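So you can see what is in the structure, the chains are spelled out below.
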Amino acid sequence: MTSESNVVGGFCRLYSALLYAYPPDFRRQYGRPMEQLFRDRCRDLARSSGRLRLLLFAVQMMSDWLSTVVREGAAALRPAGRHSGYRSSVTEWAGSILIYLFATTTLVQAYVIPTGSMEGNLLVGDHILVDRVTYSDPGPLGRHILPYRDVERGDIVALLYPEDIRETYVKRIIGLPGDRIHLKNGQVIRNGRRLVEPYVQHIAAFPDPYRDNFPQSPGIFTTPRGRDMLEHDVSNGEVIVPPGMLFALGDNRDNSLDSRYWGFVPRGYVVGKPLLVYWSYDAPTADLQEWTWHHAIDLAEHFLTRTRWKRTFLAPRSQAAEEIGGAQ
Amino acid sequence: MPKPRPPQEILPLTPPVFHILLALAGEERHGYGIMQDVAQQTDGALQLGPGTLYGCLKRMLAAGLVEESGERRDPALDDERRRYYRMTALGKRTVRAEAQRLAGAVTVAMAKLAGENA
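Residues numbered from 1 in each chain as written. Chains lettered and ligands numbered in written order. Predicted model: local features only at pLDDT ≥ 70, side-chain atom pairs only at ≥ 80, totals over all residues.

1. Overview of the overall build of chain B
Alright, step 1. Per the secondary structure count, chain B includes 5 helices and 3 strands.
Alright, step 2. Counting from the amino terminus, chain B carries its helices and strands in the arrangement α-α-β-α-α-β-β-α.
Alright, step 3. The long-range share in chain B, meaning contacts at least 24 apart out of those at least 6 apart in sequence, stands at 56%. (Helix = DSSP H or I, 4+ residues; strand = E, 2+ residues; numbered from the N terminus. Contact = placed C-beta atoms within 7 Å.)

2. Describing the overall build of chain A
Alright, step 1. A tally of regular secondary structure across chain A gives 10 helices and 13 strands.
Alright, step 2. Within chain A, the proportion of its 328 residues that are buried is 27%.
Alright, step 3. For chain A, the share of sequence-separated contacts (at least 6 apart) that also reach a separation of at least 24 residues comes to 67%. (Buried ≥ 20, exposed ≤ 12 C-beta atoms within 10 Å, placed from the backbone.)

3. What to know about the packing of helix H2 (residues 15-26) of chain B against helix H4 (residues 50-63) of chain B
Residues and elements named next belong to chain B.
Alright, step 1. Closest axis-to-axis distance for the H2/H4 pair is 10 Å, and the angle between their directions is 80°. With respect to H4, the element H2 is oriented roughly perpendicular. Between H2 and H4, the residues in contact are Pro 16, Val 17 and Ile 20 and Thr 52, Cys 56 and Met 60, respectively.
Alright, step 2. Of the residues contributing to the contact of H2 with H4, the split by class is 5 nonpolar, 1 polar and no charged. (Axes fitted to C-alpha atoms, helices over the stretch in contact; angles between N-to-C directions. Parallel < 35°, antiparallel > 145°, perpendicular 65-115°, else oblique. Nonpolar A, V, L, I, M, F, W, Y, C, P; charged D, E, K, R; others polar.)

4. Some words on the nonpolar core
Within soluble globular proteins, side chains that are nonpolar generally end up buried alongside one another.
Alright, step 1. Counting 37 residues, the largest nonpolar core has Ile20(B), Leu21(B), Leu24(B), Leu53(B) and Met60(B) as the members making the most contacts within it.
Alright, step 2. When residues of this core are traced back to their parent elements, those giving at least two are helix H2 (24-48) and helix H3 (51-77) of chain A together with H2, helix H3 (31-41), H4 and strand E3 (81-87) of chain B.
Alright, step 3. Filtering out sequence-adjacent residues up to four positions away, Leu53(B) remains in contact with Leu37(A), Gly31(B), Ile34(B), Met35(B) and Leu48(B).
Alright, step 4. By size, the runner-up hydrophobic cluster in this structure holds 34 residues, among which are Met118(A), Val124(A), Tyr135(A) and Val241(A). (Core = buried A, V, L, I, M, F, W, Y, C linked by C-beta atoms within 7 Å.)

5. Some details on the interface of chain A and chain B
Alright, step 1. Counting from both sides, the interface comprises 18 residues of chain A and, opposite them, 18 residues of chain B.
Alright, step 2. Those elements giving two or more residues to the side of chain A that touches chain B turn out to be H2 and H3 of chain A.
Alright, step 3. Here the side of chain A that touches chain B takes 8 residues from H3(A), the largest share from any one element.
Alright, step 4. A breakdown of the residues in the side of chain A that touches chain B according to their chemical character gives 9 nonpolar, 4 polar and 5 charged.

6. Topic: the pairing of E3(B)
Residue and element names in this part refer to chain B.
Alright, step 1. Judged from the 2 bridges that link them, strand E1 (residues 29-30) and E3 form a sheet pairing that is antiparallel. Each bridged residue has a counterpart across the sheet, and for His 30 the counterpart in E3 is Tyr 84.
Alright, step 2. Sheet topology note: the strand E2 (residues 66-73)/E3 ladder contains 6 bridges and is antiparallel. The partner of Glu 68 across the bridge, within E3, is Tyr 85. (Pairing = 2+ DSSP bridges.)

7. Details of the sheet that holds strand E6 (residues 187-190) of chain A
Alright, step 1. If you walk across this open sheet you meet the 6 strands as E8-E9-E5-E6-E7-E13 (chain A), and the pairing is antiparallel. Either end of the sheet is taken by a strand with one partner, and the two such strands are strand E8 (234-235) and strand E13 (322-324) of chain A.

8. Brief notes about the confidence of the model for chain A
Alright, step 1. Per-residue confidence for chain A averages 82 on the pLDDT scale, and 88% of its residues sit at or above 70.
Alright, step 2. At the low end of the mean pLDDT range in chain A sits helix H5 (residues 139-142) of chain A, at 68; at the high end sits strand E10 (residues 245-249) of chain A, at 95. (pLDDT = per-residue confidence, 0-100.)

9. Some remarks on the sheet that holds E2(B)
Alright, step 1. The sheet built from 3 strands is open, its strands ordered E1-E3-E2 (chain B) with antiparallel pairing. This sheet does not close on itself; its edge strands, each paired only once, are E1 and E2 of chain B.

10. Focus: the confidence of the model for chain B
Residue and element names in this part refer to chain B.
Alright, step 1. Summarising the model, chain B shows a mean pLDDT of 87, and 92% of its residues fall at 70 or more.
Alright, step 2. Summarising per-element confidence for chain B, the mean pLDDT is lowest in helix H1 (residues 7-10) (73) and highest in E1 (94).
Alright, step 3. Interface predicted TM-score (ipTM) for the complex: 0.83; the corresponding pTM is 0.52.

11. Describing the packing of H2(A) against H4(B)
Alright, step 1. Running from amino to carboxyl end, H2(A) crosses H4(B) at an angle of 140°, the nearest separation of the two axes being 9 Å. Viewed along their axes, H2(A) and H4(B) adopt a mutual orientation that is oblique. Crossing geometry of H2(A) relative to H4(B) is assigned as right-handed. Packed against H2(A), whose contacting residues are Tyr30(A), Pro33(A), Met34(A), Leu37(A) and Phe38(A), the element H4(B) presents Pro50(B), Leu53(B), Tyr54(B) and Lys58(B) at the interface. (Left-handed = near helix turned anticlockwise from the far one by under 90°.)

12. Section: H2(A)
Residue and element names in this part refer to chain A.
Alright, step 1. The end-to-end C-alpha separation of H2 is 34 Å, in line with the 36 Å expected for 25 residues at 1.5 Å each.
Alright, step 2. Helix geometry: H2 is bent most strongly at Tyr 30, by close to 60°, with proline Pro 33 lying one to four residues after it.
Alright, step 3. Taken together, the buried positions of H2 are occupied by Phe 26, Tyr 30, Pro 33, Met 34, Gln 36, Leu 37, Phe 38, Arg 39, Asp 40, Arg 41 and Cys 42. (Expected span 1.5 Å × (residues − 1). Bend = angle between axes of the 7 residues up to and from the residue.)

Below, the structure written as structure tokens:
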């Protein structure tokens, strides 16, 4: 397969997924011919090439999608037989903006992974959607309706960085309240059992005895909250996770600033659960944290080649570690 | 199926609906064929996206302006079966009425603007 047909295939897969936003009846009736039409247009485009045309095409398709999703959605809700006022594009756009705002603030939120601390599972430049519903306790009644569940060991979560809540990190939950945790030669030992963690990678950039034998030999990178944890929550060479707190580590274990350095994560700081990678773009960390002209131009030039198509719609998986050894 | 309404009541047509009817004036076409023909009619100014095209076709079917004429392969394209559409008699009357309406509007516009350019 050529890279060109790869790209066309990627676009078509993306479009097929987007079709699910239409009402089921409409999708059943017209989904397949719409895919056909989309593919034909992609092929036209591949023949003519030119980045500007590609950008134009993408913008056109997105606005077509957004406006007709709202129009068909509204048509499906209206009682049959009534004529729809489908000329009012202003109300359609207002509707889609409202839906977008609601969806992005309460249901899902988009984040970009700026650092390599979860490398192995999430790469720098992965743009992820975070499900904000699962981990937020809806109260005794809502529990029966919403898919609520509490955070468990092995879950990948998006959390507010406790030292600066304007930043969001993605880490794996290693300890729940009451767990006793320490590291020995880079291996996590939880409640006296050694964890086998298939998701972890060890690529040490520099030696750090503290990192590998936490909480022994306090390191130099600890923040005030980290030092507070070492002062108050260590007994017999282990940290004990206090009530209402969580202990989180990065999968890229030897190159991750995590609970070892900045302490426990309050349960309330857990934002949600990464759902899927909707777009993965190979860009340096600095570009992902702030939008600059440089980044915009880079994006326009390399969108096709630097997008990691294979990662599109990949879902990060929670995975429980196996425990070895008797409890002590 | 709602009772087909007389042409005057559905005028004016939206540009996509008008051009889709024009595309089907000569022959029956599938979605991609309609899209290409509309682009040609308008010098590329109107590129119908999949949602717009099939949304319009859905409403035009309901209004009785077009009908499906079965699925078959397009020898010029590929492999896959495509759904073809053709214009109904009502569709023909409607697009003719719309063209007349537009022609009238153009005549008025010409008369009003002729003095301005002089």
